[in-house]
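Chains, contacts and geometry: an overview
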Amino acid sequence: MSGTIDRRGATPPDFLVKLLTMVGDEAPDLISWTGGKLYIHDPVALERKMSVYFRHSNFSSFQRQLNNFGFRKVEGKGKLAPCMYMHDDLVKLGVSYLFIVRVCGGFTSLI
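Structure report, in brief. (Residues numbered from 1 in each chain as written. Predicted model: local features only at pLDDT ≥ 70, side-chain atom pairs only at ≥ 80, totals over all residues. Heavy atoms only, no water.)

In this section: the pairing of strand S1 (residues 31-34). The sheet contact formed by S1 and strand S2 (residues 37-40) spans 4 bridges and is antiparallel. Counterpart to Ser32 in the pairing with S2 is Tyr39. Counting the residues between successive antiparallel strands, the hairpin from S1 to S2 contains 2 residues, one of them, Gly35, with a positive phi of roughly 55 degrees. (Pairing = 2+ DSSP bridges. Helix = DSSP H or I, 4+ residues; strand = E, 2+ residues; numbered from the N terminus.)

If you check which residues of helix H3 (residues 59-68) are buried, you get Phe59, Ser61, Phe62, Gln63 and Leu66. Elements that come into contact with the buried residues of H3 comprise helix H1 (14-25), S1, S2, helix H2 (43-49), strand S3 (72-75) and strand S4 (83-86). For H3, the capping residue at the N-terminal end is Asn58, with a side-chain oxygen 2.9 Å from the backbone nitrogen of Ser60. (Buried < 20%, exposed > 50% of the residue type's maximum accessible area, 1.4 Å probe, protein only. Contact = heavy atoms within 4.5 Å. Polar contact = N/O pair within 3.5 Å; in protein donor to acceptor, adjacent residues only side chain to side chain.)

Attention shifts here to the pairing of S2. Going residue by residue along S2, you find Leu38 and Ile40 tucked away on one face and Lys37 and Tyr39 left uncovered on the opposite face. Both S2 and S4 contribute to a ladder of 4 bridges, which runs antiparallel. The residue bridging Leu38 from the neighbouring strand is Tyr85, located in S4.

The next thing to look at is the environment of Phe15. One can find Phe15 in helix H1. Classification of Phe15 as buried rests on a relative accessible area of 8%. Sequence separation between Phe15 and Tyr53 is 38 residues, and the spatial gap between their C-alpha atoms is 9.0 Å. Beyond its immediate stretch of four places on either side in the chain, Phe15 contacts Phe54, Phe62, Gln65, Leu66 and Phe69.

In structure tokens:
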């Protein structure tokens, strides 16, 4: 999947590739994706598995990356509480557009 090319010919950001891989590989009671919404059901268990996908196992860094790519937390209080993130554009367009999300000059856009 890391060789997927977007409309401009550039490879998608590693974080997004790894995020989609993690959602596909892990049990749906840990992390799941539905209609542009990313559900993190067990952040403590997810944090223990993050080093499989990322160079770190820090849930705060994972949350920061989600925010950098335009996801916003809409449910869940606290750092390690079950939560839900959504990306407004992906709710409308679907997960197939995940790989064209980019961080651009401090804001996130779809190319």
